[in-house]
Amino acid sequence: MLFRKRKKSIKDRVVDGLIICVLLLIVIVTIYPFLNVLAISFNDANDTIKGGIHIFPRVFTLRNYEEVFKDPILITAFINSVIRTILGAGLGVISTMMVSYVISRKDFFARKVVANIFAVTMYISGGMIPEFLLMKEMGMINSFTVYILPGIIGVYYIYIVRSFIDGLPSALQEAACIDGANDLQIFTRIILPLCKPVMATIGLYYAVSHWNSWFDTYIYNSSDSNLTTLQYELMKVLNNSNTAASGQMLRMKQQAQTVHAISPQSIRMAITIVATVPILVVYPFVQKYFVQGMTLGAVKD
Amino acid sequence: MNHPGYKIHKKTFIKTIVKQRYLILMVLPFLIWIIIFKYLPLWGWLMAFQDYRPKAGMGIFDYPFVGLKHFIALFQDPMFYNVMGNTLAMSFMQLIFGFPLPILFAILLNEVKSIKFKKLVQTSTYLPHFVSWVIVAGLFTTLLARDGIVNEMLLLIGAIKEPISFLALPRWFWGICTSAEIWKELGWNSIIFLAAIAGIDPTLYEAAKVDGASRWQSIKHITIPGIISTILVILVLDIGWIISIGFEKQYLLGNSIVQDYSKVLDLYILDYGIKLGRYSFGTAIGIFKSVVSIILLFFANQLAKRWNGQTVI
């Protein structure tokens, strides 16, 4: 008996070791690309062309970042991205909270109708062209509003918040009601303070999606460089280098241009890092909230 | 009208409205918002049955109705079949490879005893979910470049003699796209399964251990049955989204050389509808896509009912 137990634990240990190896490999595959880009962004552009940069820069330089922060368009793009992220997340959270609270109120007379009006839009949408023409009709082409207004609420988040509110003890609301608080007071003094965790969660979701979006800039605001965003600028650089990579002629031409210390590739890496760092900075602190939202959303509404 | 009961009803209705005025005020702006931004575009579906050319002073009913002309043109366009083929191919690859891997990953992660190591794996694998497709496409372009790490490794082990431009190989595009998607979402998609595993009664495992069950037997007889309903729900939802795989990764990773393999439905709409200004045709494609995805969703929902006893939607 004793012997058998011992043997099993050796086999167990081998399996444990294998599992850890597989998972470590996954971690490396996930993290390596980021480290690689980081290294290239700090490496001298002429040296990078020789290849062989992995996770440490060989010829350290800040030149690529200087170049990025010298470019007025990139600075505008950065500022626009920051503004739309803060504004979009703030307004998104407040709006979502209001709608979710109303829908969560079992005694609200139009609850079913309102809930359905919102729910339907998760499954049916007008599609790209009617939406594009609507923005055009409303004069929202080449405007900052187009970043905020059309997507002010993510309907799915209403359901995350609602299932959170449903999980709160109803006694608090009832007590406040007996004490003569009106609906607005219940909302601001009871619901909002209790909903802080879920507000953090959806606030982060909104912030990430605003920070990451490029398509609305591309489709609505591409002709006004004052309204450009960081992801869109990065997309343009990426597109250029892709076209270059696909044609040998263009590639050689590009290489000929890069004798002068900076190359589109190195600049691209620096922009990539600038666009990733804000997420990296907040991510460890808020990971908990992200995951909470994911599991909350999975609870059937 | 003069029925007394009606009057009372009306009175209480007004009373309710006055009583719930704050609730109404809170939701009203967003009802208006959703009607303008989500329902008004549905009105635009009319365009698909007209020859729409934007002109000042023309109402939506002023354009000539042409019946199903644009739909017929769509079904006669060889490009449409190419695009559908790409969309479905990438969807199915995503379903076949992208669906089981997070489950496997969650099960593996659950076998890890060290909480610190578990945290490390989770923190790093959730991360790519939060970076944009623009960045992921950039990372993959770098990895797969002629002087990128993938070529370097393949050269090192002698699998190839010359570096390959992976992103310029049309036949590889579907695989690259699917890999990028898996790389980005593996960890994130496993959260739901990890949560399901965490919900399994731990006494079951203890009992199995006492009975001398091996690790594999525990997984097979406890873990998998414990999360099978979650697996089915997610599978069903994934089937529902088969046609709506988006276009970001295809657009950002694609280039003119691979376009026969990279063009998906949404890019087709973008090219024909917006860039060429064929609004009616583009809308017709959009309607086709919406109708198919709604049918798929209902079909998936019925499946869920049959398998799981409850609907997903």
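Note that this is a predicted model, so its numbers are computed, not measured.

On to the overall build of chain A. Looking only at helices and strands, chain A features 15 helices and zero strands. Burial status across chain A gives 37% buried among its 301 residues. Taking the intrachain contacts of chain A between residues at least 6 apart in sequence as the baseline, contacts between residues at least 24 apart amount to 74%.

Under the UniProt annotation, the feature "domain: ABC transmembrane type-1" (unreviewed entry) is placed at residues 84-300 of chain B. Annotated as 74% helix and 0% strand, the span residues 84-300 of chain B places its first and last C-alpha atoms 20 Å apart.

For the rest of this paragraph, the subject is the environment of A:Ile267. Looking at where A:Ile267 falls in the secondary structure, it is placed in helix α15 (residues 264-298). Sequence separation of A:Ile267 and A:Leu234 is 33 residues, and the distance between their C-alpha atoms is 9.6 Å.

Moving on, we get to the confidence of the model for chain B. All names here are of chain B. For chain B, per-residue confidence averages 88 on the pLDDT scale, and 95% of positions sit at 70 or higher. Averaged over each element, pLDDT in chain B is lowest for helix α1 (residues 4-19) (75) and highest for helix α5 (residues 100-110) (95). Scoring of the predicted complex yields 0.88 for pTM and 0.87 for ipTM.

Before going further, it helps to spend a moment on the environment of B:Phe65. Residues and elements named next belong to chain B. Mapped onto the secondary structure, Phe-65 falls in the loop between α2 (21-43) and α3 (69-76). Among the residues examined, Phe-65 registers 10 C-beta atoms within 10 Å and is labelled exposed. If near-sequence neighbours (up to four positions away) are discounted, Phe-65 is found in contact with Phe-49 and Gln-50.

Before going further, it helps to spend a moment on the packing of α5(B) against helix α9 (residues 173-198) of chain B. All names here are of chain B. At a minimum axis separation of 7 Å, α5 and α9 run at an interaxial angle of 60°. Judged by the inter-axis angle, α5 sits oblique to α9. For the pair α5 and α9, the crossing hand works out as right-handed. Contacts between α5 and α9 pair Leu-101, Pro-102, Ile-103, Phe-105, Ala-106, Leu-109 and Asn-110 from the former with Ile-182, Leu-186, Asn-189, Ser-190, Phe-193, Leu-194 and Ile-197 from the latter. Partitioning the contact of α5 with α9 into residue classes produces eleven nonpolar, three polar and no charged.

On to α2(B), then. The end-to-end C-alpha separation of α2(B) is 31 Å, in line with the 33 Å expected for 23 residues at 1.5 Å each. Of all bends in α2(B), the biggest is about 30°, found at B:Ile36. The complete set of buried residues in α2(B) reads B:Leu23, B:Met26, B:Val27, B:Phe30, B:Ile34, B:Phe37, B:Lys38 and B:Pro41. Buried positions along α2(B) lie against α4 (72-104), α5 (111-120), α6 (128-137) and α10 (183-194) of chain A.

Procedures and definitions
- Residues numbered from 1 in each chain as written.
- Chains lettered and ligands numbered in written order.
- Predicted model: local features only at pLDDT ≥ 70, side-chain atom pairs only at ≥ 80, totals over all residues.
- Helix = DSSP H or I, 4+ residues; strand = E, 2+ residues; numbered from the N terminus.
- Buried ≥ 20, exposed ≤ 12 C-beta atoms within 10 Å, placed from the backbone.
- Contact = placed C-beta atoms within 7 Å.
- UniProt positions renumbered as here; feature names shortened; annotations may be inferred.
- pLDDT = per-residue confidence, 0-100.
- Axes fitted to C-alpha atoms, helices over the stretch in contact; angles between N-to-C directions.
- Parallel < 35°, antiparallel > 145°, perpendicular 65-115°, else oblique.
- Left-handed = near helix turned anticlockwise from the far one by under 90°.
- Nonpolar A, V, L, I, M, F, W, Y, C, P; charged D, E, K, R; others polar.
- Expected span 1.5 Å × (residues − 1).
- Bend = angle between axes of the 7 residues up to and from the residue.

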